[in-house]
Amino acid sequence: MITIKSEREIELLKIAGNIVYKTHQYIKPFIKEGITTNEINSLAEKFIIDNGATPSFKGYDGFPSALCISINDEIVHGFPSNRKLKNGDIITLDIGACYKGYHGDSAWTYQVGEVTDDLRYLMEHTEKSLFIGLKQIKPGNRVGDIGNAIASYAAEHNLGVVKELCGHGVGTDVHEDPNVPNYGVKNTGPRLKVGMVIAVEPMLTLGSPEIYILDNDWTVVTKDHSPSAHYEHTVVVTQDGYEILTGE
Ligand code: MG
Ligand code: MG
């Protein structure tokens, strides 16, 4: 069921989204060669709790940690571990925070030290594809318009679109209706209405977008081990378009 959020709910979603944004900003300077993903996870978890929220993903369907941390060919749902970041890696932090029962959700891919031109290209155009998708958000447009814009942009830039995973509604649950796929046909799917809150989150690959799942039953990896990037914002649909809840 797609819900329309009240003004009070949107205020709480803004606070949750802002905590997610601030957590990204807080963690960014720590993303350097030598730090482990466990250390990043612990820093973020403490920061979220110190800001009056709880990590949305910890315990979600049994997920073991506060953040999903995915490196290089890992697309989403990577487990923090004792793995140390290396110069030239790309790392995606998917951060969710719950404030007074309302969630914010935002993923961002960061470079570790210096990365290759190919990786920079992947990051730049995956981030752009998020904003190309967001541009479609206004009352009356449909969910298929978002996915269509993202997939068209990815195709123009020779990047693969991971189809098994998608964006979603956000509210008292971190994953609500509707699904927001990163592909689609214009003018199809649920209609966007003022007060809907959704997360848009393109996951693009340099090689084939085919996936497999690691033995931990969570972590999604590209089959050909090509790198993948992932950018996500939670937004509310407004009269004029949308407002980002997980940004500045
Ligand atoms: Mg997320
Ligand atoms: Mg999400």
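Everything below is about the structure printed above this text.
A brief structural summary. Residue numbering note: each chain is counted from 1, following its sequence as written. Written order determines the labels here, with chains lettered from A and ligands numbered from 1. The model is predicted, so local features are restricted to residues of pLDDT at least 70 and side-chain atom pairs to those at 80 or more, both for listing and for counting; the totals for chains, interfaces and linings are taken over all residues. Side-chain calculation: all heavy atoms of the structure are included, whereas hydrogens and water are not.

**A word on the coordination of the magnesium ion (ligand 2)**
Logical step 1: Sites may look incomplete because water is not among the atoms; the donors themselves are N, O and S atoms within 2.8 Å of the metal, or within 3.2 Å for Na, K and Ca. Taken together, D105 (OD), H168 (NE2), E201 (OE) and E232 (OE) make up the full set of protein donors to the magnesium ion (ligand 2), lying 2.0 to 2.2 Å away.
Logical step 2: If you look at the magnesium ion (ligand 2) and the magnesium ion (ligand 1), they sit 3.1 Å from each other and are both ligated by D105. One end of the pair, D105, is in strand β5 (residues 102–111); the other, E232, is in the loop between β13 (228–230) and β14 (233–237), with 127 residues separating them in the sequence. Each of the two residues, D105 as well as E232, counts as buried. Helical segments are the DSSP runs of H or I of at least four residues, strand segments are the runs of E of at least two, and each set is numbered from the N terminus. Working definition: with a 1.4 Å probe on protein chains only, accessible area under 20% of the residue-type maximum means buried, over 50% means exposed, and in between means partly exposed.

**Points about the side chain of N41**
Logical step 1: Considering the arrangement of structural elements, one finds N41 in helix α2 (residues 37–50).
Logical step 2: A distance of 3.3 Å separates a polar side-chain atom of N41 from the backbone nitrogen of A66.
Logical step 3: Whether two residues are in contact is decided by their heavy atoms, any of which lying within 4.5 Å being enough. Setting aside residues up to four positions removed in sequence, N41 forms contacts with S65, A66, L67, I69 and P80. Pairing of N or O atoms within 3.5 Å defines a polar contact, subject to two protein rules: one partner must be a possible hydrogen donor and the other a possible acceptor, and residues neighboring in sequence count only if both atoms are side-chain atoms.

**Quick notes on the coordination of the magnesium ion (ligand 1)**
Logical step 1: In this structure, D94 (OD), D94 (OD), D105 (OD) and E232 (OE) serve as the protein donors to the magnesium ion (ligand 1), at separations of 2.0 to 2.6 Å.
Logical step 2: Sequence spacing of the donor residues for the magnesium ion (ligand 1), all on one chain, is D-x10-D-x126-E.
Logical step 3: Taking relative accessible area as the criterion, E232 reaches 0% and is therefore assigned buried.

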